[in-house]
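# Structure assessment
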Amino acid sequence: MAASRFIFLSCVLVIGACESSGLKVRTYPDAASSGGNTAAAATGGSIGTGGNIAGRSTVGSGGAGGTTSLPGTQPTGTPDAAPGGPCDACSSDARETGGLLIPADASDTPVGRDSAADARELGTDGGASPREIGGVDVRDTASVGGSSGLDGVYRDASLDTASPADTVHTGTAPHGDLLPTGSMNTNRFMFSATLLADGRVLMAGGWISSASAELYDPTSGTFTSTGKLRVPRFGHRALLLPSGKALIVGGSDNNGNKLASVELYDPATGTFELGGNMTSVRHGPSVTLLPSGLVLIAGGWGSLGPTASTELYDPETGTSTAIGNMTRIRNGPSATLLPNGLVLIAGGMDTNDQGIIHAELYDPTSGMFSAAADMTAARDSISATLLSDGKVLIAGGSTDSNRTYDARVELYEYSPSGGTFTAAGNMTTIRNAFASSLLPSGMVLFIGGQNGNGELATTEVYDPSDGSFTLTGTMSQDRVAPTATLLATGKVLIAGGGSNHTQDMELASAELYEEF
């Protein structure tokens, strides 16, 4: 498939939003085409706003792809970056929201990792007590992707023999490095990635090949096909339920029709089953697992465009109940479960294709939405990461329909009066349609995405202890809207997404990030 000069991706939930601005828009074959490539997630991952679930990775905001979650954690509705074609599916009233414009001739090509003769010695935290991060008991660094301490070779302490999961660091990047792992069986973009209770990762759906699913095994570093979705979909959201099943919500089918259907994946049988319907079709809503076991579904792109409507889904009964509207219409908002049980909803795109500065809080006890403080800047396709101190880190994204991308970062701190957002510096580069993940150390990893010059292969970390941003390992290739999943080993699985430096934009490759 020849690459056109521009690839246009709709980052917020509308699949055929073709522009009339004279830009060349890449068209995709019909879903039945055997050459079809899938597209990325999130939330659950998915690209787009809303990045991280409480202590877990997400499809980074703006960042693609699916979200990951464990019982008791919640995805933050990372909106997916939807591709722009096929243009014969474009409707005259389709509103492009938060789109991505990627020059095919961008000079931002991947840079190979720096190789050094001496590998860095993996330090420990001096025996710090365990910390609970997104349901993962994270002890000192030696026990997470631990160090052998010999000859600069680092490996998982649980592995007694060499295997594809063994880790050898040869780079000199600060904080961590990227490591090879197996590739998915299918190219995927706008798919979901969900961490299961047994440590495997479910990759489901995506653009074009959107009914397929597969499982990543961290022990072998391989992907294996599993049962197919009942309804082909992309731009959906996913999270893990307390029952151990994965919940798949909404999205769009191969024809661009928004979906109300819900599915459940059972790891025990390797099959998907229909789990009822939402009260409204939604592409790219936020989904949040509440302490009660109910799932809050908010915003997204509905039957008439961006919506403020919300509902509660009950996994036990398979029913969903409308609960009123948010204070703002939001396409692709982020949603973060706070330690006090409230849900912070921030960002997204309004009906005028503008980023939203206003945030709000949902109280599960009263069932009410109330205004919170305003962010320091209006933004869509943000990442939102719950830090260990209870603050929420908001990063990157785009500010308006002109695709003005952002490097700014801010911190939200709750108070009964609505809380405050405080500027916290800038990432080392502008990032939109990127992924993010909370690391075992408490730092936050930002992955790939795009800036004004093209796609990015770089990664960087934010250190809450001093507010610094530092470039770390370089990926094997640039990735727009990949998924990022924090594994029980402490490594981050980075998968799929898009790259204009390949013949087919959708990617099947994956890699691992590990902290030193």
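Let me sum up the structure you'll find in this document. All values derive from a computational prediction rather than experimental measurement.

### Brief notes about the overall build of the chain
- Summing up its helical and strand segments, the chain has 0 helices and 40 strands in all.
- Counting over 516 residues, the chain shows a buried share of 62%.
- Counting only carbon and sulfur atoms, one obtains 50% of the accessible surface of the chain, whose full area is about 16600 Å².

### Re the packing of aromatic side chains
- For the structure on display, the rule yields 7 aromatic pairs.
- Here Tyr-216 and Phe-223 contribute two aromatic rings whose centre-to-centre distance is 4.8 Å and whose plane-to-plane angle is 45°, an arrangement assigned as tilted.
- The buried category is assigned to Tyr-216, whose relative accessible area is 1%.
- With 5.0 Å between their ring centres and 45° between their planes, Tyr-462 and Phe-469 make a pair best called tilted.

### Here we look at the sheet that holds strand S30 (residues 408-413)
- Across the sheet, 4 strands lie side by side as S28-S29-S30-S31; this open sheet has antiparallel pairing. Only two strands of the sheet have a single neighbouring strand rather than two, namely strand S28 (383-386) and strand S31 (420-426). When strand polarity is set aside, the average angle formed by the axes of neighbouring strands in this sheet is 25°.
- Pairing of S28 with strand S29 (residues 392-395) involves 4 bridges; the strand directions are antiparallel.

### Things to note about the sheet that holds strand S32 (residues 435-438)
- With respect to topology, 4 strands assemble into an open sheet ordered S32-S33-S36-S37, the strand pairing being antiparallel. The strands lining the two open edges of the sheet, one partner per strand, are S32 and strand S37 (468-474). Ignoring strand direction, the axes of neighbouring strands in this sheet form an average angle of 25°.
- Where strand S36 (residues 458-463) meets S37, 5 bridges bridge the pair, whose relative direction is antiparallel. Looking at S37, one finds that Asp-463 is bridged to Ser-468.

### Points about the nonpolar core
- Among the nonpolar cores identified, the biggest contains 16 residues, and Leu-338, Leu-344, Leu-361, Val-392, Ile-394, Tyr-412 and Phe-421 are the most heavily contacted of them.
- Counting only elements with at least two residues in this core, the list comes to strand S25 (343-346), strand S26 (356-363), strand S27 (368-379), S28 and S29.
- When neighbours within four sequence positions are excluded, Tyr-412 is seen to be in contact with Leu-338, Leu-344, Leu-361, Ala-372, Lys-391, Val-392, Gly-418, Gly-419, Thr-420 and Phe-421.
- Core analysis: the second largest hydrophobic core is formed by 14 residues, Val-201, Met-203, Ala-495 and Leu-512 among them.

So, how was this worked out
Residues numbered from 1 in each chain as written. Predicted model: local features only at pLDDT ≥ 70, side-chain atom pairs only at ≥ 80, totals over all residues. Heavy atoms only, no water. Helix = DSSP H or I, 4+ residues; strand = E, 2+ residues; numbered from the N terminus. Buried < 20%, exposed > 50% of the residue type's maximum accessible area, 1.4 Å probe, protein only. Areas by Shrake-Rupley, 256 points an atom, 1.4 Å probe, with all protein chains shown as cover. Phe/Tyr/Trp six-rings, centres within 6.5 Å; stacked < 30°, edge-to-face > 60°. Pairing = 2+ DSSP bridges. Axes fitted to C-alpha atoms, helices over the stretch in contact; angles between N-to-C directions. Core = buried A, V, L, I, M, F, W, Y, C linked by side-chain atoms within 4.5 Å. Contact = heavy atoms within 4.5 Å.

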